[in-house]
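Here is how the chains run, residue by residue.
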Amino acid sequence: MTSEVPSGSTDVPLTRKEDARHSTVGSIFETEKTRRYLLTKFTLYRDKINIETLRPLPIFLGITGPSFCIAADAFTPPSKKMDKNTLEKVKQRVGLNTAYFLTNYTLIATGTFVVVVLLHPMMILCSVFVYLLWKVHNVMVNDNIPLVVMGKDIGQYLTVEMRTKILYFLTLWVVVFYCLIPFLLATGLTALMVMTHALLRDPKQIETGRGTVSSYYKDNDSDDDDDVNDDSSGSEVMVEKGGDTV
């Protein structure tokens, strides 16, 4: 005879409990793994962002000659024709340019965000106001300061939990209505400028301070190789490995 679990019973079968426990442990493990991966990437890029890896403006824009004009071959498409290797060439160029001009791209992102923030003074005022409210709230809670208005303690009506919820709602309101659009605008402008430069800046035309043409990667397209001078006496080859120049 098989026993049935009563309909009103709150007992959960052992297998369900084990599945739920394993699922929770797996989720925690994946979250921790993702956190460590992002922290490692952040530390790696943070170490590369310094004044020593800041590329001069002539190299960044491909400016040559005394007239400060951008060279004709400074910005070129990754591939002259669409084929099965086009996507790989795009990924290779974007990756190499991102690694080589990382500090420059960071400055562009910082400057863009600063300009966008300054163009939205209401966002600055609301953010500062909310920050001050949170600061006062934390001080009152930590020091157990009563909320007294005109000689009356209104803390019994407006409890700490209620004040915290109000501040959370106010913070969310400011973020959505005052900070979201400027953030998206700054992020979009930064992504547009950085991706355009990383996609079109030809790594084979890196103008050094001595005026020599340098390249830091080897192109796999035989058609593009025909356009590159192979004179080893008048050119240098830069290979970016971990931020070092060989």
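Nothing here was measured: the structure is a model prediction, and the numbers come from that model. (Residues numbered from 1 in each chain as written. Predicted model: local features only at pLDDT ≥ 70, side-chain atom pairs only at ≥ 80, totals over all residues. Heavy atoms only, no water.)

Asks: Can you help me understand the overall build of the chain in this one?
Replies: Within the chain, the secondary structure is distributed over seven helices and nine strands. Burial status across the chain gives 25% buried among its 246 residues. Considering only contacts within the chain whose residues lie at least 6 apart along the sequence, 65% involve residues at least 24 apart. Taken as a whole, the chain presents about 18000 Å² of accessible surface, with 66% of it coming from carbon and sulfur. (Helix = DSSP H or I, 4+ residues; strand = E, 2+ residues; numbered from the N terminus. Buried < 20%, exposed > 50% of the residue type's maximum accessible area, 1.4 Å probe, protein only. Contact = heavy atoms within 4.5 Å. Areas by Shrake-Rupley, 256 points an atom, 1.4 Å probe, with all protein chains shown as cover.)

Asks: Please clarify how helix α6 (residues 160-200) should be interpreted in this entry.
Replies: The periodicity of an α-helix, 3.6 residues per turn, causes residues three or four places apart in sequence to face the same way. Under the 1.5 Å per step criterion, the end-to-end length of α6 is 55 Å for 41 residues, consistent within 8% with the ideal 60 Å. Along its length, α6 shows its largest kink, about 50°, at Cys179, and proline Pro182 lies within four residues downstream of that point. The elements touched by buried residues of α6 are α2 (57-61), α3 (86-100), α4 (102-118) and α5 (121-142). (Expected span 1.5 Å × (residues − 1). Bend = angle between axes of the 7 residues up to and from the residue.)

Asks: Sorry, what's going on with α5 here?
Replies: With 22 residues, α5 extends 32 Å from end C-alpha to end C-alpha; this agrees with the ideal 32 Å at 1.5 Å per step. Every buried residue of α5 is accounted for by Met123, Cys126, Val130, Trp134, His137 and Met140. The buried residues of α5 occupy an angular sector of 130° when the element is viewed end-on, so they sit on one face. With respect to the buried face of α5, the exposed residues turned more than 90 degrees away are Pro121, Leu125, Tyr131 and Asn142. Those residues of α5 that are buried are in contact with α4 and α6. Following α5 by one or two positions, Asn144 has its phi on the positive side, about 55°. (Arc of directions from axis to C-beta.)

Asks: Would you mind showing me how to read the packing of aromatic side chains here?
Replies: Where two aromatic rings form a pair, the distance of their centres and the angle of their planes describe that pair. For the structure on display, the rule yields eight aromatic pairs. Plain terms: the ring middles of Phe60 and Tyr105 are 6.1 Å apart, the flat faces sit at 70° to each other, and that makes the pair edge-to-face. Highlighted residues: Phe60 in helix α2 and Tyr105 in helix α4, separated in sequence by 45 residues. Judged by its relative accessible area of 10%, Phe60 is buried. Ring pairs connect the aromatic residues Phe60, Tyr100, Phe101 and Tyr105, which therefore count as one cluster. Seen from the ring of Tyr100, Arg55 lies directly overhead, with NZ or CZ sitting 3.8 Å from the centre. The positively charged end of Arg201 is found above the aromatic ring belonging to Phe75, 5.7 Å away from the centroid. (Phe/Tyr/Trp six-rings, centres within 6.5 Å; stacked < 30°, edge-to-face > 60°. Lys NZ or Arg CZ within 6 Å of the ring centre and 35° of its normal.)

Asks: I tried to follow a nonpolar patch on the surface on my own but got confused; where do I start?
Replies: On the surface, Phe113, Phe169, Leu172, Trp173, Val175, Val176, Phe177, Leu180, Phe183 and Leu184 cluster together into a nonpolar patch covering about 990 Å² of accessible area. Broken down by element, the nonpolar patch gets its largest block of residues, nine residues, from α6. Mapping Leu184 onto the fold places it in helix α6. (Patch = residues over 30% accessible without salt bridge, like charges linked within 9 Å, V, L, I, M, F, W, Y side chains within 5 Å. Salt bridge = Lys/Arg side-chain N within 4 Å of Asp/Glu carboxyl O.)

Asks: Before we go on, may I ask you to explain the pattern of salt bridges in this structure?
Replies: Close approach of charged atoms allows side chains of opposite charge to pair. Within the structure shown, the criterion is met by one salt bridge. For Asp202, the salt bridge identified is with Arg93, shortest N-O distance 3.4 Å. Here Asp202, found in the loop between α6 and β5 (206-207), pairs with Arg93, found in helix α3; they are 109 residues apart in sequence, far enough to count as distant. Here Asp202 falls in the buried class, since its relative accessible area comes to 7%.

Asks: What exactly am I supposed to notice about the environment of Phe113 here?
Replies: Position of Phe113 relative to the elements: it lies in helix α4. Spatially, the C-alpha atoms of Phe113 and Leu185 are 8.8 Å apart, while their sequence positions differ by 72 residues. Apart from the residues lying within four places of it in its own chain, the contact partners of Phe113 are Phe183, Ala186, Thr187 and Thr190.

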